[in-house]
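Chain by chain, the residues run as shown.
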Amino acid sequence: MRCPLAWVLLASLGWGCLTPFMPPLVAAEASAARTGIRAAEAGRHVQALSDDAFEGREGGSRGGRAAGAYIVETLRGLGIDPAGDEGTYFQRFGTMRNIMAIVPGSDPDLARELVVVGAHYDHVGYGTPSNSYGPTGLIHNGADDNASGVAGLLEIAEVLHGLPTRPRRPILLAFWDGEEKGLLGSWHFLRVRPTGIAPLRPVFSLNIDMIGRLRGDRVEVYGARSAIGLRPMLVAANRSSDLELAFDWEIVDDSDHYPFITAGVPTLMLHTGLHDEYHRPSDDAHLVNLIGVEAVGRLAFDVVTLVADTPGGLPEFRAACRGEKGANRDVLERAVPPDEVGSGPRPRWGMSTRVDPGDPTAPVVVRVVPGSPLAVAGLEIGDRIIGIDGEAVVDQGMMIHRLASTENAVTLSIDRRGRTRTLDVQRVAPPDR
Ligand SMILES: [Zn+2]
């Protein structure tokens, strides 16, 4: 079920007005702790989970159950609290089992606001014509799909558990089963909460699915438009990682972010893209980019701790995200063609921007006047203006006002494909005409 796209300016800026930074104590500890997420340890988990012994980890199968036991033993060894049914790590449904563990929060007032970080641990077993690109009948080890995400999540679990100061909200670590059979585990969780955490309500979720093929520094991000203020949070969290974020606007039922978005929970998914081994027996451990698992794992950790530790209200769900497509994005970010510029005065600093209803705090650059101060400083079409002289931009009106009242020099902070960059801009005297 999809909502029609509404290109209206939202009156409330919601969460975007909050300063998207962690308070110093947790932030400092978390930024030191993140380096505990390591490629070598992730590699051991990828190797173990994608071993032939687990027979492709099909939900409900012998190998799937054995893989679940490996995850539970790892969590138990780390000393992380179980959050499944009756004091166990398991949430059973049919012949399958989600695996759940929890890191309690530190703020009693936010104890019911659950931050969920999940990765599915099942795969397609020996494959069938409906879930494999073949050849079927051989073990599909699913090293990227999704031993990579599970390895990243186990590393995140270890580091979260070891934080000297816990973030304010509780964090649920969810290892979904039955994803490959139709997102069964995450759908079940949203219908039925495990007994131990029944009173808790998910306020945000992060889905980690296939993070074993980082190419360059490019990570695909889904769901950033599921709440106003979510993209600025993600961009702030990405400052340590400085990865290129490829924002995909489309929300489809291809992974465990979808049930959460359907349920109205602001949700992100991180993914490093499809490849020739996708859903084939050749998706093996030696092809996983473990440095990439480490990098994306650290980004996921930063996102989760930032959201979990944000004081006050989190961003409200934005239903319009469900109907948005790449074509809507093209319209929004389209450069203003020269014949539409008209003969009006040159913009003072040399740019025009457009308001994004999914992220109104960061005007989108759609025109850069050649030779202008901003062109000289390196501004590009598609950049988003997020700060002026160290102050966060709250909307396009504020940005225009501030630029109009600034004389000769300004420092702009921009979000360029998810990376924060700073431009020092000098205004030069207009040439004689
Ligand atoms: Zn898959």
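Along each chain, residues carry numbers from 1 onward, in the same order as the chain's sequence is written. Where local features are concerned, this predicted model is filtered to residues with pLDDT of at least 70; where side-chain atom pairs are given and counted, the filter is 80 or more; whole-chain, interface and lining totals use all residues. Derived side-chain values reflect all non-hydrogen atoms in the structure, with water molecules and hydrogen atoms excluded from consideration.

### Quick word on the overall build of the protein
Okay, step 1: Put simply, DSSP H or I for four residues or longer makes a helix, DSSP E for two residues or longer makes a strand, and each gets a number counted from the N terminus. Scanning the protein from N- to C-terminus turns up 11 helices and 15 strands.
Okay, step 2: Here the radius of gyration uses the C-alpha set of atoms, whereas the globule reference equals 2.2 Å times the residue count to the power 0.38. The globule rule puts the C-alpha radius of gyration for 433 residues at 22 Å, and the 23 Å found for the protein is close to it.
Okay, step 3: The principal-axis extents of the C-alpha atoms in the protein amount to approximately 80 × 50 × 40 Å.
Okay, step 4: Working definition: with a 1.4 Å probe on protein chains only, accessible area under 20% of the residue-type maximum means buried, over 50% means exposed, and in between means partly exposed. A buried classification covers 57% of the 433 residues belonging to the protein.
Okay, step 5: Contacts between residues were defined by any pair of non-hydrogen atoms, one from each residue, lying within 4.5 Å. For the protein, long-range pairs separated by at least 24 residues make up 78% of all intrachain contacts whose partners lie at least 6 apart in sequence.
Okay, step 6: We get accessible surface area from the Shrake-Rupley algorithm with a probe of 1.4 Å; when it comes to residues, only the shown protein chains can shield them. By element, 54% of the accessible surface of the protein is carried by carbon and sulfur atoms, the whole surface being about 17,500 Å².
Okay, step 7: Distance between charge centroids for the protein: 3 Å, based on 43 positive and 55 negative side chains. When charges are tallied, Lys and Arg are placed among the positive residues and Asp and Glu among the negative ones, while His and the ends of the chain are skipped. Note that the charge is assigned to NZ on lysines, CZ on arginines, CG on aspartates and CD on glutamates.

### Here we look at the coordination of the zinc ion
Okay, step 1: Sodium, potassium and calcium take a 3.2 Å donor cutoff, other metals 2.8 Å, and in both cases only N, O and S atoms count; water is not among them, so sites may look incomplete. In this structure, Asp145 (OD), Glu180 (OE), Glu180 (OE) and His279 (NE2) serve as the protein donors to the zinc ion, at separations of 1.9 to 2.7 Å.
Okay, step 2: For the zinc ion, the 4 donor atoms in the first shell make angles of 53 to 147 degrees at the metal, a pattern classed as irregular.
Okay, step 3: Spacing between the donor residues of the zinc ion along the chain follows D-x34-E-x98-H. Of this pair, Asp145 sits in helix 4 (residues 143-161) while Glu180 sits in the loop between strand 5 (171-176) and helix 5 (184-191), and the two are 35 residues apart along the sequence. The exposure classification of Asp145 matches that of Glu180, with both residues buried. Geometry is assigned from the angles between donors: four donors with all angles from 85 to 135 degrees make a tetrahedral site, four or six donors whose opposite pairs exceed 155 degrees while the rest stay between 65 and 115 make square planar or octahedral sites respectively, and everything else is labelled irregular.

### Some details on the nonpolar core
Okay, step 1: By nonpolar core we mean a set of buried residues, namely Ala, Val, Leu, Ile, Met, Phe, Trp, Tyr and Cys, connected to one another through side-chain atoms within 4.5 Å. In terms of nonpolar packing, the biggest core is built from 68 residues, with Leu75, Leu173 and Phe175 touching the most fellow members.
Okay, step 2: Ranked by size, the runner-up nonpolar core spans 17 residues in total, among them Met351, Leu379, Met399 and Leu423.

### Comments concerning the confidence of the model for the protein
Okay, step 1: Scored from 0 to 100, pLDDT reflects the predictor's confidence in each residue. Predicted confidence across the protein gives a mean pLDDT of 91, with 91% of residues reaching 70 or more.
Okay, step 2: Every residue in residues 1-23 is under pLDDT 50, and counting partners more than four places away or in other chains gives 54 contacts.

### Here we look at the pattern of salt bridges
Okay, step 1: When a carboxyl oxygen of Asp or Glu lies within 4 Å of a side-chain nitrogen of Lys or Arg, that pair is called a salt bridge. For the structure on display, the rule yields 25 salt bridges.
Okay, step 2: For the salt bridge of Arg76 with Glu73, the shortest nitrogen-to-oxygen distance reads 2.8 Å. Here Glu73 and Arg76 lie together in helix 3 (residues 62-78), a separation of 3 residues that amounts to about one turn.
Okay, step 3: Residue class for Arg76 comes out partly exposed when judged on its relative accessible area of 46%.
Okay, step 4: Here Glu294 makes a salt bridge to Arg298, at a shortest N to O gap of 3.6 Å. Of this pair, Glu294 and Arg298 both sit in helix 8 (residues 290-309), separated by 4 residues, roughly a single helical turn.

### Topic: the packing of helix 2 (residues 39-49) against helix 3
Okay, step 1: Helix axes are fitted to C-alpha atoms over the stretch in contact, other axes to C-alpha atoms as well, and angles between N-to-C directions run from 0 to 180 degrees. Orientation of helix 2 relative to helix 3, taken along the N-to-C sense of each, is 155 degrees, at an axis distance of 10 Å. Classified by the angle between their axes, helix 2 and helix 3 sit roughly antiparallel to one another. Of the residues in helix 3, those in contact with Arg44, His45, Ala48 and Leu49 of helix 2 are Ala67, Tyr70, Ile71 and Thr74.
Okay, step 2: When grouped by side-chain class, the residues that make up the contact of helix 2 with helix 3 number 5 nonpolar, 2 polar and 1 charged. Each angle is binned into one of four classes, with values under 35 degrees roughly parallel, values over 145 roughly antiparallel, values of 65 to 115 roughly perpendicular, and all other values oblique. Under this grouping Gly is polar, as are all residues other than the nonpolar Ala, Val, Leu, Ile, Met, Phe, Trp, Tyr, Cys and Pro and the charged Asp, Glu, Lys and Arg.

### Structural notes on the packing of aromatic side chains
Okay, step 1: Centres within 6.5 Å make a pair out of two Phe, Tyr or Trp rings, where for Trp the six-membered ring is used; the pair is then stacked when the planes are under 30 degrees apart, edge-to-face when over 60, and tilted otherwise. Under the definition given, this model contains 6 aromatic pairs.
Okay, step 2: Linked through ring pairs, Trp176, Phe189 and Phe260 together constitute an aromatic cluster.
Okay, step 3: The ring centre of Phe189 lies 5.1 Å from the NZ or CZ of Arg193, which sits over that ring. In this scheme, Lys NZ or Arg CZ marks a charge over a ring once it lies within 6 Å of the ring centre and within 35 degrees of the ring normal.

### Considering helix 9 (residues 326-333)
Okay, step 1: What helix 9 keeps buried is the set Asn328, Leu332 and Glu333. Angularly, the buried residues of helix 9 cover 120 degrees about the axis, an arc narrow enough to put them on a single face. For helix 9, the exposed residues set more than 90 degrees away from the buried face come down to Ala327, Asp330 and Val331.
Okay, step 2: Residues of helix 9 that are buried make contact with strand 10 (351-354), strand 11 (364-368) and strand 12 (384-388). Picture the helix axis, draw a direction to every C-beta atom, and the arc is the one those directions span.

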